[in-house]
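Results of the structural survey
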Amino acid sequence: MTTLPDRPHTALLVIDVQNGTVHGAHNRDGVIANINALLDKARAESVPVVWVQHSDDEHLPRDTEDWQIVADLVRQESEPLVHKRYSDAFEDTDLEQRLAELGAGRLVVTGAQTDTCIRATLHGALVRGYDATLVGDAHTTEDLTQWGAPAPELVIAHTNLYWADERAPGRRGGTAATKEVSFG
């Protein structure tokens, strides 16, 4: 249903699953297992996979161990890697250009952190004309309760709840479990 012309394809986005973002994250191993299942399915169906990797000077300096994508996930050389410095993966990156080259108008979104980069990228996608499906059991966040945030499982549940019915003219959000994801 995307509003982007000539964009019939779907792409799988793997956002910021880096050592420093998922160390101690809620259900880290389960989320990574689900992302691996989605990678296997996408690759088997020739669905493009686009990786996003965050850096900033304070928390994730480029080329550090924390900045590296977790060893549990393996990016294939042919899969685009987008470097970002803002929460929304579209901001000041070449993500839009990469997706245009792939003919992708629908995104299936996974990764970290639910309450920042996942939410920002979902909203950024919808605003730019994409359909964006959040994989409800393939995103995570850290525990920020000491700063007044809800527990991670509640942040994840709330994001899944409100994104399930997100809509805009000519495009839609949605939430699906890993086993329910359809790239068609």
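Data block above holds the structure.
What comes next concerns the included structure. (Residues numbered from 1 in each chain as written. Predicted model: local features only at pLDDT ≥ 70, side-chain atom pairs only at ≥ 80, totals over all residues. Heavy atoms only, no water.)

In this section: the sheet that holds strand β3 (residues 81–84). Pairing is parallel across the open sheet formed by 6 strands, whose spatial order is β3-β2-β1-β4-β5-β8. Edge positions in the sheet fall to β3 and β8 (175–176), since each of these pairs with one other strand and no more. As paired strands, strand β1 (residues 9–15) and strand β4 (residues 104–112) are joined by 7 bridges and run parallel to one another. Within β4, the residue paired with Leu-12 across the bridge is Val-108. Contacts from helix α4 (residues 114–127) reach β1, β3, β4 and β5 (131–140) within the one sheet, and its direction differs from that of β4 by about 175°. (Pairing = 2+ DSSP bridges. Helix = DSSP H or I, 4+ residues; strand = E, 2+ residues; numbered from the N terminus. Contact = heavy atoms within 4.5 Å. Axes fitted to C-alpha atoms, helices over the stretch in contact; angles between N-to-C directions.)

Our next topic: the pattern of salt bridges. Per the stated rule, a full pass over the model turns up 9 salt bridges. Measuring nitrogen to oxygen at the nearest pair gives 2.8 Å for the salt bridge that ties Asp-16 to Lys-84. One end of the pair, Asp-16, is in the loop between β1 and α1 (19–22); the other, Lys-84, is in strand β3, and 68 residues separate them in sequence. By relative accessible area, Asp-16 is classed as buried at 1%. Overall, the relative accessible area of 2% leaves Lys-84 in the buried class. A salt bridge links Asp-57 to Arg-85; the nearest nitrogen and oxygen atoms lie 3.5 Å apart. Highlighted residues: Asp-57 in the loop between β2 (49–54) and β3 and Arg-85 in the loop between β3 and α3 (95–102), separated in sequence by 28 residues. Among the residues examined, Asp-57 registers a relative accessible area of 67% and is labelled exposed. On the basis of relative accessibility, which here comes to 45%, the residue Arg-85 falls in the partly exposed class. (Salt bridge = Lys/Arg side-chain N within 4 Å of Asp/Glu carboxyl O. Buried < 20%, exposed > 50% of the residue type's maximum accessible area, 1.4 Å probe, protein only.)

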